[in-house]
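Fold and geometry: a report
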2 protein chains.
Amino acid sequence: MKKTLIKNGIFITLNESKSWLKGFMVIEGSRITYIGEQAPEPNEQYDEIIDGSHKLYMPGLVNTHGHAAMTLLRGYGDDLALQIWLEEKMWPMEAKFSSNDVKWGSYLAILEMIKGGTTTIVDMYDHMNEVAMAIESSGMRGVLTRGVIGLCPPEIQDAKLKDATEFARNWHGQANGRITTMMSPHAPYTCPPDYIEKIVQVAHDLNLPIHTHMSETSREVQANVDQYGLRPVAHLEKIGVFSRPTLVAHGVHLTDEEIQVLKQYDVRISHNPGSNLKLASGVARVPELLRAGVKVSLGTDGAASNNNLDMFEEMRLAALIHKGVSGDPVAVPAAEALLMGTKMGAESIWLEDVGLLAAGMKADFIALDIDQPHFLPKTDFVSHVVYSASAKDVVDVCVDGNWIVRNNECLTLDEEQIKREFELSFHRLIG
Amino acid sequence: MKKTLIKNGIFITLNESKSWLKGFMVIEGSRITYIGEQAPEPNEQYDEIIDGSHKLYMPGLVNTHGHAAMTLLRGYGDDLALQIWLEEKMWPMEAKFSSNDVKWGSYLAILEMIKGGTTTIVDMYDHMNEVAMAIESSGMRGVLTRGVIGLCPPEIQDAKLKDATEFARNWHGQANGRITTMMSPHAPYTCPPDYIEKIVQVAHDLNLPIHTHMSETSREVQANVDQYGLRPVAHLEKIGVFSRPTLVAHGVHLTDEEIQVLKQYDVRISHNPGSNLKLASGVARVPELLRAGVKVSLGTDGAASNNNLDMFEEMRLAALIHKGVSGDPVAVPAAEALLMGTKMGAESIWLEDVGLLAAGMKADFIALDIDQPHFLPKTDFVSHVVYSASAKDVVDVCVDGNWIVRNNECLTLDEEQIKREFELSFHRLIG
């Protein structure tokens, strides 16, 4: 088993007493086996000893909601309202996507994300075999799900559910366990209740969690009330979604009572601040959710509504907007935003050994080059990571004990080929 | 006169018909003399011909409010309310700043900013000779002002005003015209009215504009009402500030009537979205200000309340938060945010030949490496610059026709010395 020592690095530990330390970390195989200020046993043999001076090591970032292939729509139809943007811009273009388009759109997203320090993603889309193969070859971690829209005849509904079920069954636990799966009705407004109930039944049969969009816009909440007589939380509760472990994307428009229901069922929220702002969906009640004990993580959403896939920005937005909007300067402090992007992110998608630098955890970590003006003075590194860093400060990325990016270079994917094939796909789509 | 041709680049022009073009730009001496899709006269001789393929050229960014030396306080006292942060954290530390500290704090900020594509800054601080010398040697452009706080005995008030006046007189037009100056009462709540009137008189005598903080927090607005019976806009109008060309920082808490008064006097607003959010000051009424015809530009404020000095982030925040908070997805579209960071920024500080790529304008421009995943597909480059780019995408920076950064390397400043001296200053201050 390969054994690596990193010495003289700054390590973000997020311990309650001390949020970072200067010291040493040992990786054996796929796991961290030691981290501390003291050098480990001096006579130990290592396959590699890395000088971590001038670098800051932290857990890899966990992006809990996205649609990787939507990189193909980055900058297409900006500055529009969600429903118009979805119905007039996104869906017509997405209807043209072949599995080859999804392949290269996803590869481009994965390349951007891993080079920017994201080591785990949730991805909900179609043609998911392509996404899973891209995740497998990239070396990153993925919680993947075929999102189904049920506004179609029963036989098409059935075919989609069959596809989603097969995908979830075939890929769960693959890629040395780096891939897990979920079942996903796209949203309460795109799936009839009986269809959602069928999807929930599959999730029960396969013992898998549910992922869905919910309460992203006030219009959608009102439509749910008009159609079903219930707000989305009560509606999903009623049709049994929360009988499965559930991760909900957005959750922007929630009442106090709904927050209590989400807490009661341990439903997790993927907060997507950049996308919610850009689509003018609103500002989620993150301080209230956190206070209620709901697990809140962070997602970029697709590149069409963000527009980059930089998780440092999502952490920064989470730390900034809730202060500015609530008037409370201690709302979502830096350390909490960092937890949302790492440990709480991993817990939100049922990964218990990812998201923290500690002995026994999976070796999913990244290194930032901190020998740069915006990381000075060398004081509060948690503050610097949240308020000052960006994806482009990331130089090294390790997942499951394997280096996938080193010195800014992706070791697992052919960057030039991906960019070339991506542009070909894009030109075919708009051609 | 040196003559340079850049060929095959993407150039952001922000023309109404077409926001960018693929083509050619010629620089002669300190000015742009040609930009267009057609190659210029083929027999022309050039001192340098640059292949601009894979690069996006745009105007250098204009940061209209900051306190460069506050890099020394980056990450010091995060997540506090403005008044506590100022009174208990910033001011006691700043009182200890020597001119040497201001020198190295400013150099670090300037290094961060120019490498990140900012070519012009407004700086309001103390020990301004150090700031001016740093601007001069960096090659960037600066609109500089000694900010004075008048909560002190008359003889100290007089000494400060004398210092501010001498600085403004001595440095206006220096560094080949790259430095201009202003007069600055720090804020209505830190300067008695009669002291502000004296400062305004000096601005009249020297024919210089005024720069001040105003209406940053609701508490400050209320205190102004309590003390003077007027909200800050009416108060400053009454004591004659707006009889001079005026640039106001923040302007978060404004009524409709106040917006009309600002428009009437052509007062310019430096919007600092990152700082306003972090200090929980609120969200400025930028869509209303723009609709009223007020010139709104962007500022980072000091690094202690931001915490980086990345103007791409300020453009992105300006484009995002007003959508999310107002619920209007077309509030502050990408092109408007980009204008705020460039052309409107330059106009806001009375620089008429900066902030736009066009023949006759000063050659203040930057190049971004767009051969990266987050700039694909190659569609709407204005969208990509605002919603996807960051300071670290900048590779080349030219100010007044001189390259000051090339291939990510600063040609005018000694980066290693600056980082070393900065850390020495910081450790003396906290020691």
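Because the structure is a prediction, the values reported are computed rather than measured.

The transform that puts chain A on chain B rotates by 180° and translates by 0.0 Å along the axis, for an RMSD of 0.0 Å. As the rotation angle and translation indicate, the two copies are arranged about a two-fold axis. Closest to the rotation axis within chain A is the C-alpha of K392 of chain A, separated from it by 3.3 Å. Of the residues that chain A buries at the interface, 100% are likewise interface residues in chain B, meaning the two copies contact each other through the same surface.

Counting residues in each nonpolar core, the largest one holds 233 residues, and the members touching the most others are I12, M58, F312 and L368 of chain A together with M58, F312 and L368 of chain B. Not counting the four nearest positions on each side in its chain, L368 of chain A is found in contact with H54, K55, L56, M58, F312, F375, A389, D393, V394 and V395 of chain A.

Before going further, it helps to examine the UniProt feature "binding site: substrate" (unreviewed entry) in chain A. Residues and elements named next belong to chain A. Per the UniProt annotation, the sites labelled "binding site: substrate" (unreviewed entry) are E94, R146, H186, E216 and D301. Here E216 is to be found in the loop between β11 (210-214) and α6 (218-228). For E216, the residues in contact, after removing those within four places along its chain, are L82, H250, V252, H253, N276, L279, S281 and D301. Here D301 is to be found in the loop between β14 (296-298) and α11 (311-326). Aside from chain neighbours lying at most four places away, what touches D301 is H65, G66, H67, E216, H250, N272, S275 and L309.

Residues and elements named next belong to chain A. For helix α2 (residues 99-115), spanning 17 residues, the distance from its first C-alpha to its last is 24 Å, which sits close to the expected 24 Å at 1.5 Å a residue. Extensive coverage of α2 is indicated by the burial of 13 of its 17 residues. Phi turns positive, to about 95°, at G117, one or two residues after α2.

Attention shifts here to the interface of chain A and chain B. Taken together, the contacts link 56 residues of chain A with 56 residues of chain B. Buried area between chain A and chain B, both sides added, is near 4500 Å², and the carbon and sulfur share of it is 60%. The largest share of the area that chain A buries against chain B comes from D79, P373 and K392 of chain A, three residues that together contribute 14% of it. Counting every contact that joins chain A to chain B gives eight salt bridges. Across the pair D371 of chain B and K419 of chain A runs a salt bridge, and its minimum N-O distance is 3.3 Å. Elements that contribute at least two residues to the side of chain A that touches chain B include exactly α2, α9 (273-278), α11, α14 (381-387) and α15 (415-430) of chain A. The element best represented in the side of chain A that touches chain B is α11 of chain A, accounting for eight residues. Class assignment for the residues of the side of chain A that touches chain B results in 23 nonpolar, 16 polar and 17 charged.

Before going further, it helps to spend a moment on the packing of aromatic side chains. All names here are of chain A. Per the counting criterion, the structure on display carries 16 aromatic pairs over all chains. With 6.1 Å between their ring centres and 55° between their planes, Y57 and F365 make a pair best called tilted. Within this pair, whereas Y57 is found in strand β5 (residues 55-59), its partner F365 is found in strand β15 (residues 365-369), the two being separated by 308 residues in sequence. By relative accessible area, which is 1% here, Y57 ends up buried. Looking at F365, the relative accessible area reads 0%, which means it is buried.

Calculation criteria
- Residues numbered from 1 in each chain as written.
- Chains lettered and ligands numbered in written order.
- Predicted model: local features only at pLDDT ≥ 70, side-chain atom pairs only at ≥ 80, totals over all residues.
- Heavy atoms only, no water.
- Least-squares fit on C-alpha atoms with pLDDT ≥ 70 in both.
- Contact = heavy atoms within 4.5 Å.
- Core = buried A, V, L, I, M, F, W, Y, C linked by side-chain atoms within 4.5 Å.
- Buried < 20%, exposed > 50% of the residue type's maximum accessible area, 1.4 Å probe, protein only.
- UniProt positions renumbered as here; feature names shortened; annotations may be inferred.
- Helix = DSSP H or I, 4+ residues; strand = E, 2+ residues; numbered from the N terminus.
- Expected span 1.5 Å × (residues − 1).
- Buried area = accessible area lost by both parts, 1.4 Å probe.
- Salt bridge = Lys/Arg side-chain N within 4 Å of Asp/Glu carboxyl O.
- Nonpolar A, V, L, I, M, F, W, Y, C, P; charged D, E, K, R; others polar.
- Phe/Tyr/Trp six-rings, centres within 6.5 Å; stacked < 30°, edge-to-face > 60°.

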